[in-house]
Amino acid sequence: MQQEVGLTADVQQRAGPDFVLVTRNAANGARWGWLAAAGVTCGLLLHATAATLGLSALVASAPAALLVVKVLGVAYLAWMGVQILRAAGAVPDAPTVDTPRSGGAVFLRGLLTDVLNPKVMLTFLTLLPQAMDPAAEPVAQAALLSGVAVTAFGVWWMIVVPSVRWLSALLADPSRRKVFERCCGGALLAMATAIAAN
């Protein structure tokens, strides 16, 4: 339990991979940012539902299952980080708009970023019980609290995506775009390493 609380505090103190993903896509255009945010929010919704139904607790209580989730999450973040770094190296010297290939791919990346992040699962597992009344019906409380948490994150993305528009003009310069892409890729690799180390 102490480790879970520590992970929760870590999530609250630093921007996570979902923030990097949404920001990077929003810098390519609002549409891509909204799709990434929608994927991330659906990932949160899946975790919230699993926590409400008690499925997350089952996974967290089984070391082997939790290890599988952790390995998958680390591998996915590392793969995304490497892909972004490779894309940064391929940015041409002429100004271009680096738009993703499909909206479905952007949404799926957002979804998998949160679904495969064990810290998100542990966050729901540690925060929900702290806010619940032991005397009241647990499932209804968990559903309500999970809904509030997911809605709050949805509102957060509604602030973040429009706020990143200014990056589009800034990143029209290829050298700036390379730096931005390398920062995003490096951040994801650093986060993958941090999750692996915990």
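Observations concerning the overall build of the protein chain
Line of reasoning, step 1. Along its length, the protein chain carries 10 helices and 0 strands.
Line of reasoning, step 2. Element order for the protein chain, N to C, with α for helix and β for strand: α-α-α-α-α-α-α-α-α-α.
Line of reasoning, step 3. For the protein chain, the proportion of its 198 residues judged to be buried stands at 42%.
Line of reasoning, step 4. For the protein chain, the exposed surface amounts to about 10100 Å²; the carbon and sulfur share of it is 70%.

Quick word on the pattern of salt bridges
Line of reasoning, step 1. Per the stated rule, a full pass over the model turns up 2 salt bridges.
Line of reasoning, step 2. In this structure, R24 engages E181 in a salt bridge whose closest nitrogen and oxygen atoms are separated by 2.7 Å. Taken as a pair, R24 in helix α2 (residues 17–27) and E181 in helix α10 (residues 174–197) lie far apart in primary sequence, 157 residues in all.
Line of reasoning, step 3. The residue R177 makes a salt bridge to E181 at a minimum N-O spacing of 3.4 Å. Here E181 and R177 lie together in helix α10, a separation of 4 residues that amounts to about one turn. An identical accessibility class is assigned to R177 and E181; each is buried.
Line of reasoning, step 4. Linked through salt bridges whose partners overlap, the residues forming this network are R24, R177 and E181.

The rules behind the values
- Residues numbered from 1 in each chain as written.
- Predicted model: local features only at pLDDT ≥ 70, side-chain atom pairs only at ≥ 80, totals over all residues.
- Heavy atoms only, no water.
- Helix = DSSP H or I, 4+ residues; strand = E, 2+ residues; numbered from the N terminus.
- Buried < 20%, exposed > 50% of the residue type's maximum accessible area, 1.4 Å probe, protein only.
- Areas by Shrake-Rupley, 256 points an atom, 1.4 Å probe, with all protein chains shown as cover.
- Salt bridge = Lys/Arg side-chain N within 4 Å of Asp/Glu carboxyl O.

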